[in-house]
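Per-entry structural report
One letter stands for each residue in the lines below.
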Amino acid sequence: MVSRRGFLAGLAVVPLAGCAARSGAPTPGSATNASATRPLPIPPLAASSVGADGVRRFTLDIQQGTSEILPGKRTATWGYNGAILGPTLRAERHESVAFTIRNSLPEPTTVHWHGMHVPARCDGGPHQTIAVGGTWEPAWTIDQQAAMLWYHPHPHGATEKHVYRGLSGLFFVDDETTDTLDLPKEYGVDDIPLVIQDRRFTASGALDESDPTDVGLLGDTIVVNGIAGAHLDVRTDRVRLRVLNGSSGRIYNLAFDDHRAFQLIGTDGGLLTAPTTLSNIQVSPGERVEIVVELRSDERIMLRSLPIEQRRNIDRAAAFGFDDTFDILQLRAGKLEQSAPVPDSLTTIPALAAPGTKPDYTFELKWFMINGRQMDMNRIDMTIPVDSTQVWSVRNNDNWPHNFHVHDVQFQVVDIDGQAPPPALAGWKDTLYTEPQFTYRLAMRFAQHSDPTYPYMFHCHLLLHEDHGMMGQFLVLAPGQQAAPMRMDMPGMDMPGMGSGTTGNKPGHHG
Ligand code: C2O
Ligand code: CU
Ligand code: CU
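Residues numbered from 1 in each chain as written. Chains lettered and ligands numbered in written order. Predicted model: local features only at pLDDT ≥ 70, side-chain atom pairs only at ≥ 80, totals over all residues. Heavy atoms only, no water.

1. Some points on the coordination of the copper ion (ligand 3)
Angles at a metal have ideal values that depend on geometry: 109.5 degrees with four tetrahedral donors, 90 or 180 degrees with six octahedral donors. The line we're drawing: Note that water is not among the atoms considered, so a metal site may appear incomplete; the donors listed are N, O and S atoms within 2.8 Å of the metal, with 3.2 Å applied to Na, K and Ca. Numbering goes from the N terminus for both helices and strands, where a helix is a DSSP run of H or I of at least four residues and a strand is a run of E of at least two. Residue burial is assigned from relative accessible area. The probe radius is 1.4 Å, only protein chains are included, and a residue is buried under 20% of its type maximum, exposed over 50%, and partly exposed in between.
Protein-derived ligands of the copper ion (ligand 3) are His402 (ND1), Cys460 (SG) and His465 (ND1), with the metal-ligand distances lying across 2.0 to 2.2 Å. Ordering the donors of the copper ion (ligand 3) by residue number gives the pattern H-x57-C-x4-H. Here Cys460 lies in the loop between β32 (456–459) and α4 (463–467) and His402 lies in strand β28 (residues 402–406), a separation of 58 residues in the sequence. By the burial criterion, His402 is buried, and Cys460 matches it.

Structure representation (structure tokens):
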């Protein structure tokens, strides 16, 4: 039998020789971070200035630095305006925003606005490379419902390492609904962003980039907002946690150690129509969830990750981290102030398509491919008319976990194998976990932005899979517009680095 890895090596994918049995994950059932020792850092809100033209301007410098992810250890990391992660960008719907972004890294990178409805030339995908020492100045007007989005690098073939080294930031969009609803909304006080990631370290404290599994780098240390072993001091009896799974390949199944129920109020693209009560929720790489949890004065609870439940047909679940249990963040209540209960009704979401609508496109996820093909920067996979509503059918036809992310839009899950989605998947999504052998029908609208030159991406957001070509691209065209895609000279198109260590050893990194 030809191994999958061997077969893919023949397709110019760097072979990941010898890692199958050597996952970086801890032994099943183990838990780290048992002694929560340091207060959770809250990413600062980014400074911005609004000029006479009404445009809100931000500046980002992408830089190298040193972080104390582990107490007492110095780790070389990358960050936006700092050593790791980035400031939280915040803007209101209908505001115009503009950025001056400088790349002070030793490698080219990009800045992608994950979840943002944005003109294709500003999307920050692999076509918008910022050269070493270069500057990029995207600008657009925000027009989407309030949500927690995020920004991260998207360089072709090197996204996993750039994110792993620390490049991730949050982008809060506010609107009239979230401005007026009585939800916890004091940033860093009762409205807490949590960027959850997994990392591995060498003996000297450097980030260990070796030995990705078939789902990518799996760490044995859970890092929240840039540190391991965090605790959060809670001051109100309800706290809103806005969670981003910023990991490469690890999927979390979030729950509290006493199995208490919480309310899910929002997903990737904003609020649900109504809160839904759950005691655990799964979050795959790139996905976000917003939950509200209630505490009593003086108690301590632990946010944990439990073994993954959605694992039908998953091959080697243990090697993919599916059996792992982790402590993530301890919540320490003091004397708590009372807060208002979560409103019964949060927002309205008009349905984009009826169940059973015939799909415009179908996508089969398998190996490192979508519909049997790997990403080619110079191949446009589809052209889509602007202002059209699309129904896409996505099937994970594999025994690996995958998810599916689409740029520019928030989509709705119309049905899953013909059934209505569960409440947790009934809101706006831009990234969706796909369990093997299920078919997910998605509806989305490509409004307003057309561009004959710059494409948008769709891809698996397990970053190793994305880097290995599990991605495609489409143009959104205005009526009568002819496709004129840009061409990228990609020397060799050889998907550099993953598993071979070549990217990680480039001069300048860790030094
Ligand atoms: Cu979060 Cu194409 O990316
Ligand atoms: Cu994206
Ligand atoms: Cu995948």
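2. Quick look at the environment of Ala139
Here is the rule: Any two residues whose heavy atoms approach within 4.5 Å are treated as being in contact.
By the secondary structure assignment, Ala139 is in strand β9 (residues 139–141). When the C-alpha positions of Ala139 and Arg57 are compared, they lie 8.9 Å apart, and in sequence the two are 82 residues distant. Residues within four places of Ala139 in sequence aside, it is in contact with Val97, Ala98 and Cys122.

3. Notes on the coordination of the copper ion (ligand 2)
Coordination of the copper ion (ligand 2) by the protein involves His112 (NE2) and His405 (NE2), with metal-donor separations of 1.9 Å. In this pair, His112 is assigned in strand β7 (residues 112–114) and His405 in strand β28, connecting sequence segments 293 residues apart. In this structure, His112 and His405 share a single accessibility class: buried.

4. Comments concerning the sheet that holds strand β23 (residues 326–337)
The condition is simple: Two strands qualify as a pair provided DSSP detects at least 2 bridges between them.
Across the sheet, 6 strands lie side by side as β1-β15-β23-β22-β17-β20; this open sheet has mixed pairing. Looking at the sheet topology across the chains shown, the edges are occupied by β1 (38–39) and β20 (281–283). Here strand β22 (residues 300–305) runs beside β23; their pairing, made up of 6 bridges, is antiparallel. Bridging from a neighbouring strand, Arg304 pairs with Asp327 of β23.

5. Observations concerning the pattern of salt bridges
Basically, it comes down to this: Put simply, a salt bridge is a Lys or Arg side-chain nitrogen that is within 4 Å of an Asp or Glu carboxyl oxygen.
Enumeration according to the criterion identifies 31 salt bridges in this entry. Between Arg316 and Asp315 there is a salt bridge whose closest N-O contact spans 3.4 Å. Connected through salt bridges with shared partners, the residues Asp268, Glu287, Arg288, Lys429 and Asp430 form a single ionic network.

6. Quick word on the nonpolar core
Formally: Nonpolar cores are built from buried Ala, Val, Leu, Ile, Met, Phe, Trp, Tyr and Cys residues. Side-chain atoms within 4.5 Å join them into one set. Those domain boundaries reflect an automatic or database domain assignment.
Counting residues in each nonpolar core, the largest one holds 42 residues, and the members touching the most others are Trp392, Phe404, Val406, Leu442, Phe446 and Phe474. With 4 residues, strand β31 (residues 439–446) is the single largest residue contributor to this core. Per-domain counts for this core show at least three residues from each of domain 2 (191–337) and domain 3 (348–477). Grouped together as the second largest cluster of nonpolar side chains are 34 residues, Ile192, Val243, Val283 and Phe326 included.

7. Notes on the sheet that holds strand β10 (residues 147–152)
Filter applied, for reference: In this analysis, axes come from line fits to C-alpha atoms, helices being fitted only over the stretch in contact, and the angle between any two N-to-C directions falls in the range 0 to 180 degrees.
Overall, mixed pairing links the 4 strands, which are arranged β5-β11-β10-β7 in an open sheet. Where the open sheet ends on each side, the last strands, each with one partner, are β5 (89–92) and β7. When strand polarity is set aside, the average angle formed by the axes of neighbouring strands in this sheet is 25°. Pairing of β7 with β10 involves 3 bridges; the strand directions are antiparallel. Pairing of His114 across the sheet is with Trp150, part of β10.

8. Remarks on unusual backbone geometry
Most peptide bonds take the trans form, and the phi angle of most residues other than glycine is negative. Positioned with a positive phi, Asn313 is a non-glycine residue whose angle comes to about 70°. The topology assignment puts Asn313 in the loop between β22 and β23. The exposure class assigned to Asn313 is partly exposed, which follows from its relative accessible area of 45%. With a phi close to 75°, Gln437 is a non-glycine residue in the positive phi region.

9. Considerations on the confidence of the model for the chain
The test is simple: For every residue, the pLDDT score states the predictor's confidence, bounded by 0 at the bottom and 100 at the top.
Averaged over the chain, the pLDDT score is 90; the fraction of residues at 70 or greater is 89%. Segment residues 1–34: pLDDT under 50, and 78 contacts once partners within four positions in sequence are set aside and those in other chains are kept. For residues 491–511, every residue scores under 50 in pLDDT, and the model assigns this stretch 51 contacts once sequence neighbours within four places are set aside.

10. With respect to the side chain of Arg332
Keep this limit in mind: Here a polar contact is recorded for every N or O atom pair within 3.5 Å, except that within protein the pair must consist of a potential hydrogen donor and a potential acceptor, and residues adjacent in sequence are included only if both atoms are side-chain atoms.
Inspection of the secondary structure puts Arg332 in strand β23. In this structure the side chain of Arg332 is engaged in a polar contact, spanning 2.7 Å, whose partner is the side chain of Gln330.

11. Concerning empty space enclosed by the protein
The criterion, for reference: A cavity here means a set of points on a 1 Å grid, drawn over the protein atoms and nothing else, where a 1.4 Å probe fits but cannot get out; a pocket is an open set with protein on both sides within 12 Å along at least five of seven lines, and a residue lines either one if it has an atom within 4 Å of a point. Grid points are joined across faces, edges and corners, and a volume is the space filled by probe spheres set on the points.
Summed over all chains, the structure comprises 2 cavities of 30 Å³ or more. What the largest cavity holds in volume is close to 40 Å³. Residue lining of the largest cavity: Ile69, Thr77, Ile84, Tyr164, Arg165, Gly166, Gln197, Arg199, Leu207 and Val223, and that is the complete set. For the lining of the largest cavity, the domains that each give at least three residues are domain 1 (34–179) and domain 2 (191–337).

12. Considering the packing of aromatic side chains
Rules: Note on aromatic pairs: the rings of Phe, Tyr and Trp (six-membered ring only in Trp) are paired at centre separations within 6.5 Å, and the planes decide the class, stacked below 30 degrees, edge-to-face beyond 60, tilted for the rest. Either the NZ atom of lysine or the CZ atom of arginine qualifies as a charge over a ring when it sits within 6 Å of the ring centre and within 35 degrees of the ring normal.
Applying the stated rule across the entire model yields 25 aromatic pairs. With a centroid separation of 5.9 Å and 40° between ring planes, the pair formed by Trp113 and Tyr151 is classed as tilted. With a gap of 38 residues between them, Trp113 in strand β7 and Tyr151 in strand β10 connect regions that are remote in the sequence. Both residues of the pair, Trp113 and Tyr151, count as buried. Ring-pair connections join several aromatic residues into one group, and the members of that group are Tyr361, Phe363, Trp392, Phe404, Phe446, Tyr456, Phe458 and Phe474. For Arg165, the ring lying beneath its charged end belongs to Trp78, and the centroid distance is 4.7 Å. Here Arg312 stacks its cationic end above the ring of Phe438, 3.8 Å away from the centre of that ring.

13. Some words on the pairing of β32
On any regular strand, side chains alternate: one points to one face of the sheet, the next to the other face. On β32, burial covers both faces: Tyr456 and Phe458 on one face and Met457 and His459 on the other are all buried. The pairing of β28 with β32 spans 2 bridges and is classified as antiparallel. Residue pairing for β32: His405 is matched across the bridge by His459. As judged from the 4 bridges shared by β32 and strand β33 (residues 471–477), these two strands associate in the antiparallel manner. By the bridge assignment for β33, Phe458 is matched with Gly472.

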